[in-house]
Amino acid sequence: MIRGDVNVEQPRRLAIHEGRRLFEEHVARSPIIGGTKNSTQKRYRTVLDKLEAFAAKSNITDWHGIDEYFLKCHASNLEKMRLAPKTVYTEINVLKAAFKWLSGQGLIQAPPLKLQTRKPNSQRAYCYKTEEVEAMLSHCDQSPKLAWLRHIITALASTGMRIEELLQLRCSDIDLENKILTIADESGFADRSADKPTTKSGRTRELCIRDELVAVFQAIPRKGKFVFVGPRGGRLRADTVRNVFVREVIKPLAPRFPKKYKNVKGFEDGRLHSFRHYFCSICANSGKIPERVVMAWVGHADSQMVQHYYHLHSEESRRKMRQINPLGSHGRRPAEDAE
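Caption draft 1: Local environment of the sheet that holds strand β3 (residues 174-175). With antiparallel pairing, three strands are arranged side by side in an open sheet as β3-β4-β5. Of all the strands in the sheet, just β3 and β5 (205-208) have a single pairing partner and so form its edges. Where strand β4 (residues 180-183) meets β5, four bridges bridge the pair, whose relative direction is antiparallel. When the sheet's bridge partners are listed, Thr-182 is paired in β5 with Glu-206.

Pasting the structure below:
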């Protein structure tokens, strides 16, 4: 562009697809220098697919068109696609991160995005009650073909592990003599085998295990390097276990535990992840296990889920509530004040 005798170079326009490619290469760098896991990279690809589609629909071809107004419109579009609020929040923040990185690399010259996002409260998985877990175990006891599923239910309820973590357990991860279970993350190991164990946090953790779970590990026949295998000895997949669990356990037992309220989650909404909530609830309700210990057990440096159950079952909170009387003479009797 020429103004008088001065040659003014226009800012380079970075195409949406080119910026996407560069950002994907950035997040796929080695984990040693801050790269992300394959699962995260896959999630980002899905986010960027939606960005490209909406940008094309909006006649936007480069990253200079990705401004606050565009992101607001894109968020509304994602909501129309019936995505959960937490998913919309995550996707918009991924795009903000991509824009910030591209800008920081000098690939685009545009004002920084100042769009504020507020993390919504996600709906928690249903938390089982002890009588429901007992019913599931008894139900599996009645059918020999569900013995393998009973082992999985016992392990999930006793450790709070994720199903993916449980299914990648190897026989070498279990020390029966000392009753210690290792939940390994080998994402940083030189070995590039496809079945290399990983955890969501990227950290290895250890758990002391109860006698009931020791008995389960002793009862499971060894059919390879993995602890939990299918009825025929094959490798179990998380989706397979979920489907069988719902079909063979949740649905048959649902009439015994009907919903109390139509719009509130009940037993029929319970899934494998609900055992993780159950484990945290049991620990909190015991009043004997510190919150930080449970967070270490389940592999969280910071967890709203764990904090929720500890606040819910806090005896100190209940004691403080008993000390107030918002209803005056219509509240508790004077004799109750002595508590």
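The rest of the description comes next.
Caption draft 2: Local environment of the pairing of β4. Direction of pairing for β3 relative to β4: antiparallel, over a ladder of two bridges. Looking at the pairing, Ile-174 lines up with Leu-181 of β4. From the end of β3 to the start of β4, which pair antiparallel, there are four residues, and Lys-179 there has a positive phi angle of about 55°.

Caption draft 3: Inspection of helix α10 (residues 274-286) at higher detail. Along its 13 residues, α10 runs 18 Å from first to last C-alpha, staying within 8% of the 18 Å computed at 1.5 Å per residue. Most of α10 sits inside the fold, with ten of its 13 residues counted as buried. Of the residues making up α10, those classed as buried are Ser-274, Phe-275, Arg-276, His-277, Tyr-278, Phe-279, Cys-280, Ser-281, Cys-283 and Ala-284. As for α10, its buried residues are in contact with α5 (130-141), α6 (147-159), β5, α9 (238-253), α11 (291-298) and α12 (304-312).

Caption draft 4: Highlighting the packing of α6 against helix α8 (residues 211-219). Relative to each other, α6 and α8 sit at 150°, their axes nearing to 10 Å. Considering the angle they form, α6 stands roughly antiparallel to α8. Taken as a pair, α6 and α8 cross one another with a handedness that is left-handed. Of the residues in α8, those touching α6 at His-151, Thr-154, Ala-155, Ser-158 and Thr-159 are Leu-213, Val-216 and Ala-219. Classifying every residue of the contact of α6 with α8 gives four nonpolar, four polar and no charged.

Basis of the calculations
- Residues numbered from 1 in each chain as written.
- Predicted model: local features only at pLDDT ≥ 70, side-chain atom pairs only at ≥ 80, totals over all residues.
- Heavy atoms only, no water.
- Pairing = 2+ DSSP bridges.
- Helix = DSSP H or I, 4+ residues; strand = E, 2+ residues; numbered from the N terminus.
- Expected span 1.5 Å × (residues − 1).
- Buried < 20%, exposed > 50% of the residue type's maximum accessible area, 1.4 Å probe, protein only.
- Contact = heavy atoms within 4.5 Å.
- Axes fitted to C-alpha atoms, helices over the stretch in contact; angles between N-to-C directions.
- Parallel < 35°, antiparallel > 145°, perpendicular 65-115°, else oblique.
- Left-handed = near helix turned anticlockwise from the far one by under 90°.
- Nonpolar A, V, L, I, M, F, W, Y, C, P; charged D, E, K, R; others polar.

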